Amino acid sequence: MIVEDEPFLRMKTVDLVEAAGFEAFEAGNVSEAIVILEATPGIRILFTDIDMPGSMDGLMLAAAVRDRWPPIQIIVVSGKQKPSARDMPDHSIFFPKPYDTKKVTDQLQKWRHRNSAHGTCASTTKFICRPILT
């Protein structure tokens, strides 16, 4: 699940995820993201910008996802702020914008391999567990 309010950046992130071989769901704000998460079981990774319009920012979304959907891995990004470790949900990772696409891709692949080893990707097919078939 990619949550980014800037359409160009969201499109670039979707391209990055799909180029890495994954299906991506996308939302332009936190409210859209929650609707998609509730309707789409099997999403395994949240990729969110911190600075979002609305009543919740990306860090609040990440904390809510950690509480409600604990298996989801979380990537938080921002070009304006660097959250402290205590501000980040457990087992999440931060990348400053502009982020290094290789480092992000490596992290996604690491999580995919870990999920595959634990059998959690076999039947769950959403970002990030389902490879795109070519």
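Quantities reported herein were computed from a predicted structural model and do not represent experimental measurements.

### Details of the overall build of the protein chain
Turning to step 1, where the next piece is worked out: The helix and strand tally for the protein chain stands at 4 helices and 5 strands.
Turning to step 2, where the next piece is worked out: The secondary structure elements of the protein chain, listed N-terminal to C-terminal, are β-α-β-α-β-α-β-β-α.
Turning to step 3, where the next piece is worked out: Looking at the 134 residues of the protein chain, the share that counts as buried comes to 47%.
Turning to step 4, where the next piece is worked out: Total accessible area on the protein chain is roughly 7,100 Å²; 55% of this is exposed by carbon and sulfur atoms.

### Structural notes on the environment of Gln73
Turning to step 1, where the next piece is worked out: As for its placement among the helices and strands, Gln73 is situated in strand E4 (residues 73-78).
Turning to step 2, where the next piece is worked out: The exposure class of Gln73 is buried, given its relative accessible area of 13%.
Turning to step 3, where the next piece is worked out: A C-alpha to C-alpha distance of 9.6 Å links Gln73 and Asp90, two positions 17 residues apart in sequence.
Turning to step 4, where the next piece is worked out: When residues no more than four places from it in sequence are discounted, the contact partners of Gln73 are Arg44, Ile45, Leu46, His91, Trp111 and Arg114.
Turning to step 5, where the next piece is worked out: A polar contact of 3.3 Å, which involves the side chain of Gln73, links it to the side chain of Trp111.

### Some details on the UniProt feature "modified residue: 4-aspartylphosphate" (unreviewed entry) in the protein chain
Turning to step 1, where the next piece is worked out: As annotated by UniProt and renumbered to match this structure, "modified residue: 4-aspartylphosphate" (unreviewed entry) occupies Asp49.
Turning to step 2, where the next piece is worked out: When you line up the elements, Asp49 lands in strand E3 (residues 45-49).
Turning to step 3, where the next piece is worked out: A residue is classified by how much of its surface remains accessible, and Asp49, at 5% relative accessible area, is buried.
Turning to step 4, where the next piece is worked out: Excluding residues that lie within four positions of it along the chain, Asp49 makes contacts with Val3, Glu4, Asp5, Gly58, Val77, Ser78 and Lys97.

### Quick look at the pattern of salt bridges
Turning to step 1, where the next piece is worked out: Taken as a whole, this structure holds 5 salt bridges when the rule is applied.
Turning to step 2, where the next piece is worked out: The salt bridge partner of Glu38 is Arg68, with a shortest N-O separation of 2.7 Å. Linking Glu38 in helix H2 (residues 30-39) with Arg68 in helix H3 (residues 58-68), this pair joins segments that are 30 residues apart in sequence.
Turning to step 3, where the next piece is worked out: Via salt bridges that share partners, Glu4, Asp49 and Lys97 belong to a single interconnected network.

### A few points about a nonpolar patch on the surface
Turning to step 1, where the next piece is worked out: Together, Phe8, Leu9 and Met11 give the surface a local cluster of nonpolar side chains, amounting to about 300 Å² of exposed area.
Turning to step 2, where the next piece is worked out: The topology assignment puts Leu9 in helix H1 (residues 7-19).

### A short note on the nonpolar core
Turning to step 1, where the next piece is worked out: Of all hydrophobic cores here, the largest spans 21 residues; its most connected members are Met1, Val3, Leu46, Leu61, Val65 and Val76.
Turning to step 2, where the next piece is worked out: Those elements that place two or more of their residues in this core are H2, H3 and E4.
Turning to step 3, where the next piece is worked out: Per element, the largest residue contribution to this core is 4 residues, and it comes from H3.
Turning to step 4, where the next piece is worked out: Once residues lying within four places of it in the same chain are set aside, the contact partners of Val3 are Ala27, Asn29, Val30, Ala33, Leu46, Phe47, Thr48, Asp49, Met52 and Leu61.

### Notes on the pairing of E3
Turning to step 1, where the next piece is worked out: E3 sits mainly inside the fold: 5 of its 5 residues count as buried.
Turning to step 2, where the next piece is worked out: Relative to E3, strand E1 (residues 2-3) runs parallel, the two sharing 2 bridges. Paired with Ile2 across the bridge in E3 is Phe47.
Turning to step 3, where the next piece is worked out: Where E3 meets E4, 5 bridges bridge the pair, whose relative direction is parallel. Opposite Phe47, over in E4, you have Ile75 as the bridge partner.
Turning to step 4, where the next piece is worked out: Where the polypeptide runs from E3 across H3 and back to E4, its parallel neighbour, the crossover connection is right-handed.

Cut-offs used in this document
- Residues numbered from 1 in each chain as written.
- Predicted model: local features only at pLDDT ≥ 70, side-chain atom pairs only at ≥ 80, totals over all residues.
- Heavy atoms only, no water.
- Helix = DSSP H or I, 4+ residues; strand = E, 2+ residues; numbered from the N terminus.
- Buried < 20%, exposed > 50% of the residue type's maximum accessible area, 1.4 Å probe, protein only.
- Areas by Shrake-Rupley, 256 points an atom, 1.4 Å probe, with all protein chains shown as cover.
- Contact = heavy atoms within 4.5 Å.
- Polar contact = N/O pair within 3.5 Å; in protein donor to acceptor, adjacent residues only side chain to side chain.
- UniProt positions renumbered as here; feature names shortened; annotations may be inferred.
- Salt bridge = Lys/Arg side-chain N within 4 Å of Asp/Glu carboxyl O.
- Patch = residues over 30% accessible without salt bridge, like charges linked within 9 Å, V, L, I, M, F, W, Y side chains within 5 Å.
- Core = buried A, V, L, I, M, F, W, Y, C linked by side-chain atoms within 4.5 Å.
- Pairing = 2+ DSSP bridges.
- Right-handed = clockwise from strand over helix to strand, strands pointing away.

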